[in-house]
Amino acid sequence: ETGVTQTPRHLVMGMTNKKSLKCEQHLGHNAMYWYKQSAKKPLELMFVYNFKEQTENNSVPSRFSPECPNSSHLFLHLHTLQPEDSALYLCASSQDRGELFFGEGSRLTVL
Amino acid sequence: KNEVEQSPQNLTAQEGEFITINCSYSVGISALHWLQQHPGGGIVSLFMLSSGKKKHGRLIATINIQEKHSSLHITASHPRDSAVYICAVPMYSGGGADGLTFGKGTHLIIQP
């Protein structure tokens, strides 16, 4: 138990669907992140939020839309995805720029 | 921008063996991260270090800032150590965990 909870753990969606991934951290951290891990590729940073403000958008397509309503919750809204977006999506949190704490990930399959 | 190289990419060893995984990077950094990823996908942070050596149980991490190189060692390896081990460093000099670049990982299998 890392203190970071992601739901759902598995998601299958069609290209026309709209779904959301949810992340909640119970560690009192002030920074939260979305990472993408595709098969046989290194982890890629997607979005960074510090104190609920987005500070990084690593050239992510607009079909991925993050939302951070407070410093404990982070969402990734998905719409009109492509099959190549199938991947493991990992949420993490940290205090300032310190050690990262990851969730278990949400494995997404786009049909 | 930092480049990270890990070696080996794959490693199979017998239970009890001493394991070493290496990580090299190209740009000076404030701290380096070692992470462990089990087959289910979840990632656990093992170490965050900026100098010298850290030890946690059977795991030891070392870093040489001048040579831009870090090693992760596992003593008395056990099948439950089987996982992917990932090295991560800030993308840019002076950066922190808010902008990491990750190695491709070392896939370790410990056979009984």
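Refer to the structure presented above.
Everything numeric in this text was worked out from a predicted model, so none of it was measured.

**Some remarks on the pattern of salt bridges**
All names here are of chain B.
Right, so step 1: Tallied over the entire structure, the rule returns three salt bridges over all chains.
Right, so step 2: The shortest N-O distance in the salt bridge between R58 and D81 comes to 2.8 Å. With R58 in the loop between β6 (52-56) and β7 (59-64) and D81 in the loop between β8 (69-74) and β9 (83-90), this pair connects stretches of sequence that are 23 residues apart.
Right, so step 3: For R58, a relative accessible area of 25% gives the class partly exposed.
Right, so step 4: Residue classification places D81 among the buried positions, given a relative accessible area of 7%.

**Thoughts on the pairing of β6 of chain B**
Residue and element names in this part refer to chain B.
Right, so step 1: Of all five residues in β6, zero are buried, a share of ten percent or less.
Right, so step 2: Note that β6 and β7 share five bridges and pair antiparallel. Residue pairing in the sheet places K53 in a bridge with T62 of β7.
Right, so step 3: Hairpin remark: β6 followed by β7, antiparallel, with two residues in the connecting loop; positive phi at G57, about 65°.

Criteria and cut-off values
Residues numbered from 1 in each chain as written. Chains lettered and ligands numbered in written order. Predicted model: local features only at pLDDT ≥ 70, side-chain atom pairs only at ≥ 80, totals over all residues. Heavy atoms only, no water. Salt bridge = Lys/Arg side-chain N within 4 Å of Asp/Glu carboxyl O. Helix = DSSP H or I, 4+ residues; strand = E, 2+ residues; numbered from the N terminus. Buried < 20%, exposed > 50% of the residue type's maximum accessible area, 1.4 Å probe, protein only. Pairing = 2+ DSSP bridges.

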